[in-house]
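Architecture at a glance
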Amino acid sequence: MDVLISGAGVAGTALAYWLRHHGFTPTVVERAPRVRAGAGVVGLRGEALDVLDRMALLERVEALNPLMGGAARADGGGDLPAVAFAGDLQILRGELIGLLYEATRQEVEYVLGDSIATVEQDADGVRVTFERGRPRRFDLVAGADGLHSGTRSLVFGPREWFVRHLGIYTATFSLPCHLGLPGSVLLPSMPGKAAEILSIRNNAEAHAALHFTSGPLAYDRDDVAQHKRIVAGQFAGEGGPIPRLLEEMSRAENFFFDANAQVEMYRWSSGRVVLLGDAGYCAAPTSGLGSSQALIGAYVLAGELAVADGEHTAAFAAYEREMRGFVAEHQQMGREGADRFFMGMPIQEAPEMIAAGTREAPRTHLVRLKDYAPSFAARWPP
Ligand SMILES: Cc1cc2nc3c(=O)[nH]c(=O)nc-3n(C[C@H](O)[C@H](O)[C@H](O)COP(=O)(O)OP(=O)(O)OC[C@H]3O[C@@H](n4cnc5c(N)ncnc54)[C@H](O)[C@@H]3O)c2cc1C
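Below, the structure is looked at part by part. (Residues numbered from 1 in each chain as written. Predicted model: local features only at pLDDT ≥ 70, side-chain atom pairs only at ≥ 80, totals over all residues. Heavy atoms only, no water.)

Moving on: the packing of aromatic side chains. Enumeration over the complete set of coordinates arrives at 14 aromatic pairs. Consider the rings of Phe212 and Phe257, whose centres lie 6.3 Å apart with planes at 20 degrees: the pair is stacked. With a gap of 45 residues between them, Phe212 in strand S13 (residues 205-213) and Phe257 in strand S14 (residues 255-263) connect regions that are remote in the sequence. A relative accessible area of 0% places Phe212 in the buried class. Residue classification places Phe257 among the buried positions, given a relative accessible area of 6%. One aromatic cluster is present, formed by Tyr169, Phe212, Tyr219, Phe235 and Phe257 through successive ring pairs. In this structure, Lys228 is placed above the aromatic ring of Phe255, and the distance from its NZ or CZ to the ring centre is 5.4 Å. (Phe/Tyr/Trp six-rings, centres within 6.5 Å; stacked < 30°, edge-to-face > 60°. Helix = DSSP H or I, 4+ residues; strand = E, 2+ residues; numbered from the N terminus. Buried < 20%, exposed > 50% of the residue type's maximum accessible area, 1.4 Å probe, protein only. Lys NZ or Arg CZ within 6 Å of the ring centre and 35° of its normal.)

Dropping the structure here:
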């Protein structure tokens, strides 16, 4: 069966991997001219680590942990409170996608710099037209194109029906680590705003995140210069390291800016079209679980399609049954993270506080991974 996947993020590349393994023929169309972009450090937790293990990628992800080398300091340094890291394992978003891409590119067709223009379903399949390429037919279409999913808008309805803004915006970018703030720090809180600097690779590099509260803002999602101006405006006049951070941000090529928002849908499929990852059930960066969800969703969706022998109606229903409770819990955590931020606390629970029993451990073991692919690692990729 030919499956078109829209989006080569974590969800899309992982779905391509598992579909290929189960004998489907995935094609991935990615709007950006290249895969792997993005500045942020993402956390991976719980069953997402099992999924990586089943892909024989866990060790490679562990080896890429940017916090290796003792750069992270638990105490945050001096009177600066510690940043809480999201997840059991950290990796740069781009490096995770890079691993998944490398593991699939020999066997999967990637079409870069294009996106779906129209989707027309009939009894036998889906006719898809593209912004650039020629029209093609597929058996199924999977929308893994993120919070602002074009697939969702084309098939399910406008973004406003499904996207709920949590009142916080986040920008992330990389910078050379020369701000005199080794380790991980949450800068002294400014009302409604926070800045984090995460020093990685033995202080050779650093990543910054700037968060601020705001109602929905109107801006062009493709205009990075405009995003930087919005962030700079929010933090203008702040002291300490903020001016230098803003200076670095203005130069940063690896820059991400988006709302902390959640996607709530009654159904994740319509006929032969299905959604996964942020496109269908974004839990917001405040959950720290977006990439974990994407990995697990891809594993379950491909596995259920294999079990149902490609019978999509049964497979999509089973996929929803497996994932619904898990996603609801993650979204709850995303809302709690936002609430903490509004109360002037770190978005993520600090691991040392969890270890000390002063905070509840993250509730991330809610989905039992079925053994869709027990002997996979030994057989593929060759
Ligand atoms: C560039 C970028 C940087 C990010 N950086 C951070 C970060 O620093 N911190 C954080 O917490 N989260 C970040 N995220 C979000 C995080 O990656 C996701 O929450 C999580 O990994 C779930 O992944 P996903 O694959 O469902 O969606 P995403 O990671 O958003 O991936 C969606 C993919 O689909 C592509 N796409 C979008 N629209 C279309 C379209 N119409 N046609 C074809 N392709 C399309 C996008 O280019 C992207 O490659 C970032 C997302 C992006 C796109």
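Interaxial distance between helix H9 (residues 290-307) and helix H10 (residues 312-342) falls to 8 Å at its minimum, and their mutual angle equals 155 degrees. Relative to H10, the element H9 is oriented roughly antiparallel. Between H9 and H10 the crossing geometry is right-handed. Taking contact as the criterion, the partners of Gln293, Ile296, Gly297, Val300, Leu301, Glu304 and Leu305 in H9 are, on H10, His312, Ala315, Phe316, Ala318, Tyr319, Glu322, Met323, Phe326, Val327 and His330. Counted by class, the contact of H9 with H10 contains 11 nonpolar, 4 polar and 2 charged residues. (Axes fitted to C-alpha atoms, helices over the stretch in contact; angles between N-to-C directions. Parallel < 35°, antiparallel > 145°, perpendicular 65-115°, else oblique. Left-handed = near helix turned anticlockwise from the far one by under 90°. Contact = heavy atoms within 4.5 Å. Nonpolar A, V, L, I, M, F, W, Y, C, P; charged D, E, K, R; others polar.)

Let's shift gears to unusual backbone geometry. Trans peptide bonds make up most of the peptide bonds, and negative phi angles are found at most residues other than glycine. The backbone of Ala56 shows a phi angle near 60 degrees, a positive value even though the residue is not glycine. The class for Ala56 is partly exposed, based on a relative accessible area of 45%. Of note in the backbone geometry, Asp309 takes a positive phi value of approximately 55 degrees without being a glycine. In this fold, Asp309 is placed in the loop between H9 and H10. A relative accessible area of 70% places Asp309 in the exposed class.

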